[in-house]
Amino acid sequence: QVQLVESAGGLVQAGGSLRLSCAASGRTFSSYALGWFRQAPGKEREFVASISRSGGSTYYADSVKGRFTISRDNAKNTVFLQLNSLKPEDTAVYYCAADPEFQLYVVLQTWANIDYWGQGTQVTVSS
């Protein structure tokens, strides 16, 4: 069992930056690939970024590539999402997620079987 708790998001002006973190419980953190999703009002949840168990492999949605960076610290059971050059369209609730097969789901573009989700944190970007 893994519990994921995201840090508080926030309100930031367009062009600004924000760093989200997600702390995981459990002693098997390094066994899980991790990722971030987001859901804007009236829209479906969408994939943002993922990172492999070792941190050596990452994937990004085209909409955030070059602006967002995912990283992890296995010693601290934490995954991070650095959000730079924020745009109003980045406004959403951001969720972290964990699953041993996460990277496979990224390839298949299917998320229904992801094991664990955080509760979500609001990020609002003002224009």
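Nothing here was measured: the structure is a model prediction, and the numbers come from that model.

Enquirer: I'm lost on the state of the cysteines in this one. Help?
Expert: Covalently bonding the sulfur atom of one cysteine to the sulfur atom of another cysteine gives a disulfide. Counted under the stated rule, the structure contains one disulfide. Disulfide pairing is shown between Cys 22 and Cys 96; the S-S distance is 1.9 Å. Between Cys 22 and Cys 96 the disulfide shows an S-S torsion of about 40 degrees. By sign, it is right-handed. Here Cys 22 is found in strand β3 (residues 18-24), whereas its partner Cys 96 is found in strand β9 (residues 92-99), with 74 residues between them in sequence. Both residues of the pair, Cys 22 and Cys 96, belong to the buried class.

Enquirer: Can you walk me through a nonpolar patch on the surface in this structure?
Expert: A grouping of Tyr 59, Leu 104, Val 107 and Leu 108 is seen on the molecular surface, where their side chains present a nonpolar patch of about 390 Å² in accessible area. Within the secondary structure layout, Val 107 lies in helix α1 (residues 102-108).

Enquirer: Looking at this model, I keep getting lost on the sheet that holds strand β1 (residues 4-6). Mind explaining?
Expert: Within a beta sheet, neighbouring strands are joined by backbone hydrogen bonds and run either parallel or antiparallel to one another. Spatially, four strands are ordered β1-β3-β8-β7 in an open sheet, and the strand pairing comes out antiparallel. Single-partner strands in this sheet number two, and they are β1 and β7 (68-73). Here the strands of the sheet are splayed against their neighbours by 20 degrees on average, with no regard to which way each runs. Taken together, the six bridges between β7 and strand β8 (residues 78-83) define a ladder with antiparallel strand orientation.

Conventions we followed
Residues numbered from 1 in each chain as written. Predicted model: local features only at pLDDT ≥ 70, side-chain atom pairs only at ≥ 80, totals over all residues. Heavy atoms only, no water. Disulfide = S-S within 2.5 Å. Helix = DSSP H or I, 4+ residues; strand = E, 2+ residues; numbered from the N terminus. Buried < 20%, exposed > 50% of the residue type's maximum accessible area, 1.4 Å probe, protein only. Patch = residues over 30% accessible without salt bridge, like charges linked within 9 Å, V, L, I, M, F, W, Y side chains within 5 Å. Areas by Shrake-Rupley, 256 points an atom, 1.4 Å probe, with all protein chains shown as cover. Salt bridge = Lys/Arg side-chain N within 4 Å of Asp/Glu carboxyl O. Pairing = 2+ DSSP bridges. Axes fitted to C-alpha atoms, helices over the stretch in contact; angles between N-to-C directions.

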